[in-house]
Amino acid sequence: MFNPYYGLFEYSATDNYTLQINALSGLCNEQHLLYFKFIGRVAGMAVYHGKLLDAFFIRPFYKMMIRKTIELRDMESVDMEYYNSLNWIKENDPSELELTFCVDEELLGVMKQRELIPGGANVSVTNENKDKYIQSVIQWRFVSRVTSQMNAFLEGFNEIISLEKLKVFDENEIELLLCGIGQIDVNDWKQNTFYKGEYHANHIVIQWFWRAVLSFTGEQRARLLQFVTGTSRVPMNGFKELYGSNGPQLFTIEKWGEKCNFPRAHTCFNRIDLPPYESYEELRDKLLIALEGAEGFAGVD
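Rules of the game
Residues numbered from 1 in each chain as written. Predicted model: local features only at pLDDT ≥ 70, side-chain atom pairs only at ≥ 80, totals over all residues. Heavy atoms only, no water. Core = buried A, V, L, I, M, F, W, Y, C linked by side-chain atoms within 4.5 Å. Buried < 20%, exposed > 50% of the residue type's maximum accessible area, 1.4 Å probe, protein only. Helix = DSSP H or I, 4+ residues; strand = E, 2+ residues; numbered from the N terminus. Contact = heavy atoms within 4.5 Å. Axes fitted to C-alpha atoms, helices over the stretch in contact; angles between N-to-C directions. Parallel < 35°, antiparallel > 145°, perpendicular 65-115°, else oblique. Left-handed = near helix turned anticlockwise from the far one by under 90°. Nonpolar A, V, L, I, M, F, W, Y, C, P; charged D, E, K, R; others polar. 1 Å grid on protein atoms, 1.4 Å probe; cavity = no way out; pocket = protein on both sides within 12 Å on 5 of 7 lines; lining within 4 Å. Points joined across faces, edges and corners; volume = space filled by probe spheres on them.

**Examining the nonpolar core**
Judged by nonpolar contacts, the single largest core of 53 residues is most densely connected at Phe9, Phe57, Phe61, Met65, Leu86, Phe157 and Leu178. At the level of elements, β2 (19-21), α2 (32-48), α3 (59-65), α4 (72-75), α5 (80-91), α6 (130-142), α7 (147-160) and α8 (171-179) are the ones that each hand at least two residues to this core. Looking at which element gives the most residues to this core, the answer is α6, with six residues. Look past the residues within four positions of Phe9 in its chain and what remains in contact with it is Met1, Phe2, Pro4, Leu19, Gln20, Ile21, Asn22, Phe36, Ile39 and Phe57. If you look at the next biggest cluster of nonpolar residues, it comprises 35 residues, including Phe227, Val234, Ile253 and Leu287.

**Things to note about the packing of helix α10 (residues 204-215) against helix α12 (residues 280-292)**
To describe two helices that pack against each other, one gives the angle between their axes and the distance between the axes. In the contact formed by α10 and α12, the axes pass within 9 Å of each other and the chain directions differ by 55°. By the criterion of interaxial angle, the relationship of α10 to α12 is oblique. In the crossing of α10 with α12, the sense of the turn from one axis to the other is right-handed. Contacts between α10 and α12 involve Val205, Trp208, Phe209, Arg211, Ala212 and Ser215 from the former and Tyr280, Leu283, Arg284 and Leu287 from the latter. Taken together, the residues that form the contact of α10 with α12 break down as seven nonpolar, one polar and two charged.

**What to know about the layout of surface pockets**
One number sums up the size of the largest pocket: a volume of about 450 Å³. Among the elements of the structure, α1 (25-28), β3 (102-107), β4 (110-115) and α6 are those that each provide at least two residues to the lining of the largest pocket. The biggest single contributor to the lining of the largest pocket is β3, with four residues. For the lining of the largest pocket, the class distribution of residues is nine nonpolar, one polar and eight charged.

Here you go:
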């Protein structure tokens, strides 16, 4: 069902192990909505019986399941090109770019212009309306193009388990609920980690970090992997095959900040910025708080 060969799903722009709905699935299969409804039922049955799906999806997919707003930072680990463009617009005055509320979309080799709002071709993007433009692009990129497919999936899921019951979970917990906690080999993880700044494998803070990871439960390790890479999925051949926005990218730990700071993550680079804490207990406590409260203090960029 999830094999991109069948045209219903495709790999995300940055890797070959997280999936997103193929916006052109209807061209691959005229019955595609029935298939998505069936897949929704399968997913619902899997949750009901405590089974796991053999697939991992991009973070916006899980957010759509619980009707949660997709934000700019959710795009970082999925489509770095769009993320960089929109982030530049967010931080600068885009008036000189002469943009309008439209996007170019390629369909079977032909470029077409899509209006993000009614009459968007005649609405210029300015410093005053750029936030609306950014959100409109995000809505188009992740929601509008696959609305019918996602609705069919959710309809099938809702026939087995009420979608209302999912609202007690966040998107990270939804991923663990559907896809489970894979066996994470900490030794493989450690051996395929790159250090930046003044950190190295024998640095005391790094030793404390891996001691903390070893002390974590399977769920906590999965949440750490989610926090840094955007998914709890480990590639088939281990951590050496992790992908970032620019291709292969090892899990990275960089020295950053002061001991009063919490760790922060850059999912497009599979990097965690780890302050130079002065004790193991302080590192472990702040790392756990970061994993549980990433949205609360913008711990993920």
